[in-house]
Amino acid sequence: MTQTPDNERAAQAARIAAKPWYRQLYVQVLVAIVIGIVLGWRWPDLATDMEPIGTTFITAMKMLIGPIVFLTIIGGIAGVADLKRVGLTGIKALTYFQVGTIVAMAAGLVAINIFRLGDGVHADPSTLDTSGDAGEYIEKGEHQQWWEFLTHIVPNSFFGPFVEGDILQVIFLAVIFGVALKAVGKSGEPVIAGVHRLTEVVFKVLSYVMKVAPLGAFGAMAYAIGKFGLSTLTSLGSLILLFYVTSILFVVVVLGGVLAAYVKLNIFQLFRYFKEEYFLILGTSTAEPALPGLMRKLQHMGVERSTVGLVVPTGYSFNLDGAAIYLSLATLYIAQATDTPLSVTQQLGLLAVMLLTSKGAAGVAGGGFIALTATLSTVGTVPAAGIMLVFGIDKFMSECRAMVNFSGNAVATLFIARWENTLDLARAREVLAGRTVEPPVTAEAEAETEAEPEAAKSRPAVAPSAEVAS
């Protein structure tokens, strides 16, 4: 009897023995992080020399992010039968992203207004040193207008966004190409098939890069501790603690509530499911290395390829809940620390500006500071030089920002999939409970499955057996 594709995949999964604990990626990354912390604490000079290891790994990941985003968005659009549905999904996703960003920023504003950690600092902006990297971020932010992210979406050339790593522009190109391929009909089908196959190749390259993820996490963490020292954590520890507590409450209460009430899934099971990605983010301080894993695992959970391909890459630039909390928290802290009074109306005005400036620096080095400076410069009330007050601890807040961004995009994709009826909820529950071990469906498997009925038609009819005929 011929096995169905589902049975074949199940049999294949059953043949794969479980990896020993010491070969699990998240365990290796965790061990590497611990070693990096110890090295940075005990031998800081040696630890700072580890910077190239971490930056090289992150650079290798960034090299693949542009092609992955481009190909998955095209594949997502191509996988939708009606182009109107693409537009509808996009509108739903952007609406969710904006609402989530507003709630995240409001959480930061409420937290810093309650605890008012900046009161009593009495910092004089004119005495703050704005040289080095921070000075460059301030200069970029001061010259960035709130509307620039809209005009910046259109690239100067096709390859420019991939070279510069500008994800917003990559998304713009991908949407145009995806819609065009879908609109030309059958003549675009070979290209779409090629996109699916090329996506598999890129993910295979990614799997090779991920093998050195523990080494990258070690280098990044060793450099951070060696460069800034553990003492940096204690100098502004109250602000770091407030940011972490606010972020945790936002993820567990807000995102967890949305996931439980609407999608009917458990946020803590989601944490466990993505544990490898979380440890990778912890080690590298950026969500970029975890983005491909997020897309693969969401598809494995039962979210349709088209929804994952549309929502996740877009959320990477437009759904930054962690950055939203950080922006509102840091802005109000700087205002308090520099004795700049802000009324409720002015704070709401800041929130409106931050909704735009937070979108402009996605994927850009120092993007958080550029967005922060752009916000302060646009409003003109809080001195932009005040970002120096939080510059030293930014590295220790970036991990939390990235984790919240990652969690927000995971929940957003599940929310939109549920809204669009593109989520296999029963499968998602099985996967999160750890009971489903089938590998995700690949492009090749889908192609073979679609080709099977055609092959059956081309085969000659088989005469019924005597038993059936009788």
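In the block above lies the structure referred to throughout.
Below is a summary of the structure that appears in this document.

**With respect to the overall build of the protein**
Part 1 of the argument: Secondary structure summary: the protein contains 25 helices and zero strands in total.
Part 2 of the argument: When burial is assessed residue by residue, the protein has 49% of its 470 residues classed as buried.
Part 3 of the argument: When contacts within the protein are restricted to residue pairs at least 6 apart in sequence, those whose partners lie at least 24 apart make up 84%.
Part 4 of the argument: For the protein, the exposed area adds up to about 22,100 Å²; of that, 63% sits on carbon and sulfur atoms.

**Here's the deal with the packing of aromatic side chains**
Part 1 of the argument: Per the stated rule, a full pass over the model turns up 17 aromatic pairs.
Part 2 of the argument: Plain terms: the ring middles of Y262 and F415 are 4.6 Å apart, the flat faces sit at 35° to each other, and that makes the pair tilted. Placement of the pair is Y262 in helix α13 (residues 237-263) and F415 in helix α22 (residues 394-419), with a sequence separation of 153 residues.
Part 3 of the argument: We classify Y262 as partly exposed; its relative accessible area is 32%.
Part 4 of the argument: Ring geometry for F268 against F271: centres 5.8 Å apart, planes inclined by 90°, an arrangement best described as edge-to-face. Highlighted residues: F268 and F271, both in helix α14 (residues 267-273), separated by three residues, approximately one helical turn.
Part 5 of the argument: By the ring-pair criterion, three or more aromatic residues cluster together here, those being F268, F271, Y273, F274, Y278 and F406.

**Notes on the packing of helix α4 (residues 51-78) against helix α10 (residues 189-210)**
Part 1 of the argument: It is at 9 Å that the axes of α4 and α10 come closest, and there the two elements cross at 155°. Between α4 and α10, the crossing angle belongs to the class labelled roughly antiparallel. The interaxial crossing formed by α4 with α10 has left-handed handedness. From α4, F57, A60, M61, L64, I68, L71, T72, I74, G75 and A78 reach across to α10, where they touch I192, V195, H196, L198, T199, V202, F203, V205, L206, V209 and M210.
Part 2 of the argument: Its residues assigned to classes, the contact of α4 with α10 shows 17 nonpolar, four polar and no charged.

**Topic: the environment of I33**
Part 1 of the argument: Positionally, I33 belongs in helix α2 (residues 25-42).
Part 2 of the argument: In this structure the C-alpha to C-alpha distance between I33 and G216, which are 183 residues apart in sequence, comes to 9.4 Å.
Part 3 of the argument: Once residues lying within four places of it in the same chain are set aside, the contact partners of I33 are A217, M221, F279, L282 and G283.

**Structural notes on the packing of helix α9 (residues 167-183) against helix α17 (residues 305-318)**
Part 1 of the argument: Where α9 meets α17, the closest approach of the two axes is 9 Å, and the angle between their N-to-C directions is 145°. Judged by the sense of rotation from one axis to the other, the crossing of α9 with α17 is left-handed. The segment α9 lies against α17, with I167, L168 and I171 engaging P313, T314, Y316, S317 and F318.
Part 2 of the argument: Taken together, the residues of the contact of α9 with α17 break down into six nonpolar, two polar and no charged.

**Observations concerning the nonpolar core**
Part 1 of the argument: Within the largest apolar cluster, 119 residues are counted, with the highest numbers of intra-cluster contacts made by L265, L270, F274, L298, M301 and L414.
Part 2 of the argument: When neighbours within four sequence positions are excluded, L414 is seen to be in contact with L259, V263, L265, L270, L298, M301, V303 and L423.
Part 3 of the argument: Grouped together as the second largest cluster of nonpolar side chains are six residues, A32, L39, M50 and F218 included.

**Overview of the pattern of salt bridges**
Part 1 of the argument: Throughout the structure, instances matching the rule amount to three salt bridges.
Part 2 of the argument: The salt bridge partner of K92 is E420, with a shortest N-O separation of 2.5 Å. Of this pair, K92 sits in helix α5 (residues 83-115) while E420 sits in the loop between α22 and α23 (425-432), and the two are 328 residues apart along the sequence.
Part 3 of the argument: On the basis of relative accessibility, which here comes to 13%, the residue K92 falls in the buried class.

**A look at the side chain of N319**
Part 1 of the argument: With respect to the helices and strands, N319 occurs in the loop between α17 and α18 (321-337).
Part 2 of the argument: You can call N319 buried: its relative accessible area is 0%.
Part 3 of the argument: Polar contacts involving the side chain of N319 include one to the main-chain carbonyl oxygen of G408, which spans 3.2 Å.
Part 4 of the argument: Ignoring anything within four residues of it in the chain, the contact list for N319 reads F97, T314, N405, G408, N409 and A412.

**Focus: unusual backbone geometry**
Backbone geometry follows two general trends: most residues other than glycine have a negative phi, and most peptide bonds adopt the trans configuration.
Part 1 of the argument: Even without glycine at this site, K264 takes up a positive phi of about 70°.
Part 2 of the argument: By the secondary structure assignment, K264 is in the loop between α13 and α14.
Part 3 of the argument: Positive phi outside glycine occurs at N421, with the angle close to 60°.
Part 4 of the argument: If you trace the backbone, N421 turns up in the loop between α22 and α23.
Part 5 of the argument: In this structure N421 comes out as exposed when scored by relative accessible area, which is 67%.

Calculation rules
- Here, residues in each chain are numbered from 1, in the same order as that chain's written sequence.
- With pLDDT at 70 or above as the cut-off, local features in this predicted model cover only qualifying residues; side-chain atom pairs require 80 or more to be listed or tallied, and sums for whole chains, interfaces and linings still use all residues.
- Heavy atoms from the whole structure form the basis of all side-chain values; hydrogens and water molecules are not counted.
- Helix and strand definitions here come from DSSP, where helices need a minimum of 4 consecutive H or I residues and strands a minimum of 2 consecutive E residues; each element is numbered from the N-terminal end.
- Exposed residues in this analysis have more than 50% of their type's maximum accessible area, buried residues have under 20%, and partly exposed residues fall in between, with area computed by a 1.4 Å probe over protein chains only.
- Whether two residues are in contact is decided by their heavy atoms, any of which lying within 4.5 Å being enough.
- Where accessible areas are quoted, they stem from the Shrake-Rupley method and a 1.4 Å probe; at the residue level, only the protein chains shown are allowed to cover.
- Each aromatic pair joins two rings of Phe, Tyr and Trp (for Trp, the six-membered one) with centres within 6.5 Å, and gets the label stacked for planes under 30 degrees apart, edge-to-face for over 60, and tilted for any other angle.
- Lines are fitted to the C-alpha atoms to define the axes, a helix being fitted only along its stretch in contact, and any angle between axes, read from their N-to-C directions, falls within 0 to 180 degrees.
- Orientation is classified from the angle alone, with under 35 degrees giving roughly parallel, over 145 giving roughly antiparallel, 65 to 115 giving roughly perpendicular, and any other angle giving oblique.
- It is the rotation of the near helix from the far one that decides the hand of a crossing: anticlockwise by less than a right angle makes it left-handed, clockwise makes it right-handed.
- Each residue is assigned to one of three groups, with Ala, Val, Leu, Ile, Met, Phe, Trp, Tyr, Cys and Pro labelled nonpolar, Asp, Glu, Lys and Arg labelled charged, and all others, Gly among them, labelled polar.
- In this description, a nonpolar core means a group of buried Ala, Val, Leu, Ile, Met, Phe, Trp, Tyr and Cys residues linked to one another through side-chain atoms lying within 4.5 Å.
- Any carboxyl oxygen of Asp or Glu that lies within 4 Å of a side-chain nitrogen of Lys or Arg is treated as forming a salt bridge with it.
- Polar contact is defined as a pair of N or O atoms within 3.5 Å, subject to the rule that within protein one atom must be able to donate a hydrogen and the other to accept it, and that residues adjacent in sequence are counted only when both atoms are side-chain atoms.

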